[in-house]
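The lines below spell out each chain.
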Amino acid sequence: MTTTTAPERARYRDDPSVATVLRSPRLLTREALAGLVVALALIPEAISFSIIAGVDPAVGLFSSAVMAISIAFLGGRPAMITAATGAVALVIAPIMRDHGFDYFIATVLLAGVLQVLLGVLGVAKLMRFIPRSVMVGFVNALAILIFMAQIPQLVDVPWLVYPLVVVGLVILVLMPRLTKVVPAPLFAIILLTGAVLLFGWSVPNVGDQGELPSSLPALFFPDVPLTLETLGIIGPTAIAMALVGLMESLMTAKLVDEVTDTRSNKTRESWGQGVANILSGLFGGMGGCAMIGQTMINVKVSGARSRVSTFLAGAFLLVLVVALGDIVGLIPMAALVAVMIMVSVGTFDWHSIRPSTLKRMPVSETLVMVVTVAVVVATHNLAIGVIAGVLVAMVLFARRVAHFASVRREVTDASARYTVEGELFWASSNDLTTQFEYSADPDHVVVDLSRSHIWDASTVAALDAIETKYGRLGKTVELVGLNAASTSMHGRMTGQLGGE
């Protein structure tokens, strides 16, 4: 079980803290306006993800509100937005289609429990094994997906949509240079909505995306039998949902760490996501995870830095859809499309594709980034893309490291001495047996491993094979220079692996 020490708590202390924000009118205004912008941007997204999952819009909207409010208290990354997401919707949709709403909610609850367990077990520490090239690919793929998600709102629409989007983009680019008192996205949404209402233009709006709820969410307990058959139905999907949600959330937290130059408690974020999903399920929500697009609106565009913005995003979302649903429904989609396009542009790491950068970067690093982007865009699943990128990075790294192991031979009248240098593992030790002159060597052979390290059973098997080959020729092999760890592994496994 993972525990947090006093130094770690100090390292992860919120900056600014909630108390600091509440005492400062300037900071509170910034956080409140950022939360309002995020809430407005969440509405069409949550409705769209509800449609993907095959549930009513209210399910996605309430899930987003509950998760945003709860993660503001539970999460390890201040200012990060957690809500219903497309990746989770895609994973869980088959349960709704094949088994109905009760099994759907049971899956969300089980996924939440699994995330809590994974968080407590310290799965967040695995983030250190994700290479920078995969992270860059993740960010760039995310920017592309955000942009692609706006394309349906720009196809087969009235021509007025296009100038509205252009005006929105101009506002979003120019306004931050003039003033940052009011977030540019909020000003663009208000201005474009006012223009559409004033001139009576007929363009797609938020209300066209689905019916908004008129009452607060209520507690919901799924009516499913507590049997192994039920576990067999919901278990595999719950595991997939838990892993996808954690991966996206931890990657997003890492990105926000870099943007804000602060640290976050990934372990707390992991189990916090699980509790948020459990609460979402108990209120009939579809679950979710961290949302990179809305998080970038909150952190990068609006400048929010505290849990207050996350909490207010969820609170404003509830107020907007329940009390002000009719007004929110009038917001033109063109305004939100403009905001999301700017988020896409701001999220993409343009430096990573500059010719000067590509010229300096190792080909393997660029290949890993391209693979990550390609798989994410092809599957529309960030988790699959990250896994593919990590696997490619591992293979390329192993291939590169394999060449670092070398063997040098010195022969005297009485013996042959082989000095092995480098790290010995499955990739580098596979060719180890081919580096020895079995027939030409004297009767006594010394293998000096003082400048190497045995990492796995493949290396022990290779050394056994070398001894066996010399033994068939009536020659003896002496292994010298093994460090303590290598001696322990070799002693434990030698002669026990079978084969040559």
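Residues numbered from 1 in each chain as written. Predicted model: local features only at pLDDT ≥ 70, side-chain atom pairs only at ≥ 80, totals over all residues. Heavy atoms only, no water.

Here we look at the environment of Ala-83
So, step 1. Position of Ala-83 among the secondary structure elements: in strand E1 (residues 82–83).
So, step 2. C-alpha of Ala-83 to C-alpha of Ala-46: the two residues are 37 residues apart in sequence and 7.9 Å apart in space.
So, step 3. Dropping the residues within four chain positions of it, Ala-83 is found in contact with Leu-42, Ser-64, Met-67, Gly-287, Gly-288, Cys-289 and Met-291. (Helix = DSSP H or I, 4+ residues; strand = E, 2+ residues; numbered from the N terminus. Contact = heavy atoms within 4.5 Å.)

Describing the nonpolar core
So, step 1. One finds Ile-43, Leu-61, Phe-104, Met-286, Ile-297 and Leu-317 to be the most contacted residues of the largest nonpolar core, which totals 103 residues.
So, step 2. Here this core gets twelve residues from one element, more than from any other, and that element is helix H3 (residues 25–53).
So, step 3. The next biggest cluster of nonpolar side chains, apart from the first, holds 18 residues, and it includes Tyr-418, Phe-436, Tyr-470 and Met-489. (Core = buried A, V, L, I, M, F, W, Y, C linked by side-chain atoms within 4.5 Å. Buried < 20%, exposed > 50% of the residue type's maximum accessible area, 1.4 Å probe, protein only.)

A closer look at the pattern of salt bridges
So, step 1. Using the criterion set out here, one finds nine salt bridges in the structure.
So, step 2. Measuring nitrogen to oxygen at the nearest pair gives 2.6 Å for the salt bridge that ties Arg-77 to Asp-257. Here the residue Arg-77 occupies a position in the loop between helix H4 (57–74) and E1, and Asp-257 occupies one in helix H10 (residues 228–260), the gap between them amounting to 180 residues. Comparing Arg-77 with Asp-257, the two get one shared label, buried.
So, step 3. With a shortest N-O distance of 3.7 Å, Glu-410 and Arg-408 are connected by a salt bridge.
So, step 4. Through salt bridges with shared partners, a single ionic network connects Arg-408, Glu-410, Glu-421 and Arg-451. (Salt bridge = Lys/Arg side-chain N within 4 Å of Asp/Glu carboxyl O.)

Some remarks on helix H17 (residues 363–379)
So, step 1. In a regular helix each residue adds 1.5 Å, so 17 residues correspond to 24 Å; H17 covers 24 Å between its end C-alpha atoms and thus fits that length.
So, step 2. Taken as a whole, H17 has its buried residues at Ser-364, Val-368, Met-369, Val-371, Thr-372, Val-373 and Val-376. (Expected span 1.5 Å × (residues − 1).)

As for the pairing of strand E4 (residues 415–424)
So, step 1. Extensive coverage of E4 is indicated by the burial of seven of its ten residues.
So, step 2. One ladder, built from six bridges, connects strand E3 (residues 406–411) with E4; its direction is antiparallel. From the neighbouring strand, Arg-408 faces E4, where its bridge partner is Thr-419.
So, step 3. Hairpin geometry of E3 and E4 is characterised by an intervening segment of three residues between the two adjacent antiparallel strands.
So, step 4. Where E4 and strand E5 (residues 444–454) come together, nine bridges link them in parallel fashion. By the bridge assignment for E5, Leu-424 is matched with Ile-454. (Pairing = 2+ DSSP bridges.)

Topic: the packing of H3 against helix H15 (residues 333–347)
So, step 1. The contact between H3 and H15 brings their axes to 10 Å, and the two run at 105 degrees. If you check the angle between H3 and H15, you find them roughly perpendicular. Facing Leu-40, Ala-41, Pro-44 and Glu-45 of H3, the residues of H15 in contact are Met-333, Leu-336 and Met-340.
So, step 2. Of the residues belonging to the contact of H3 with H15, the class tally is six nonpolar, no polar and one charged. (Axes fitted to C-alpha atoms, helices over the stretch in contact; angles between N-to-C directions. Parallel < 35°, antiparallel > 145°, perpendicular 65-115°, else oblique. Nonpolar A, V, L, I, M, F, W, Y, C, P; charged D, E, K, R; others polar.)

Thoughts on the packing of helix H5 (residues 86–99) against helix H6 (residues 101–120)
So, step 1. The N-to-C vectors of H5 and H6 enclose an angle of 150 degrees; their axes lie 7 Å apart at closest approach. Classified by the angle between their axes, H5 and H6 sit roughly antiparallel to one another. For H5 against H6, the interelement crossing comes out right-handed. Contacts between H5 and H6 involve Ile-92, Ile-95, Met-96 and His-99 from the first element and Phe-101, Tyr-103, Phe-104, Thr-107 and Val-108 from the second. (Left-handed = near helix turned anticlockwise from the far one by under 90°.)

Things to note about the confidence of the model for the protein chain
So, step 1. Here the protein chain shows a mean pLDDT of 88. Residues at 70 or above account for 96%.
So, step 2. The secondary structure element of the protein chain with the lowest average pLDDT is helix H1 (residues 6–11), at 58, and the one with the highest is H6, at 96. (pLDDT = per-residue confidence, 0-100.)

Some points on the sheet that holds E3
So, step 1. Spatially, E3-E4-E5-E6 is the arrangement adopted by the four strands of the open sheet, whose pairing is mixed. The sheet is open, and its two borders are formed by E3 and strand E6 (476–480), each paired with just one other strand. On average, each strand axis in the sheet is inclined to that of its neighbour by 20 degrees, with strand direction left out of account.
So, step 2. The strands that helix H20 (residues 457–472) touches are E4, E5 and E6; relative to E5, the one it contacts most, it runs at about 175 degrees.

Here we look at the packing of aromatic side chains
So, step 1. All told, the structure shown has ten aromatic pairs when counted by the stated rule.
So, step 2. Summarising the aromatic geometry, the rings of Phe-73 and Phe-311 are spaced 5.8 Å apart at their centres and angled 80 degrees between planes, so their arrangement reads as edge-to-face. Here Phe-73, found in helix H4, pairs with Phe-311, found in helix H13 (residues 307–322); they are 238 residues apart in sequence, far enough to count as distant.
So, step 3. Note on Phe-73: relative accessible area 58%, which makes it exposed.
So, step 4. Residue classification places Phe-311 among the partly exposed positions, given a relative accessible area of 31%. (Phe/Tyr/Trp six-rings, centres within 6.5 Å; stacked < 30°, edge-to-face > 60°.)

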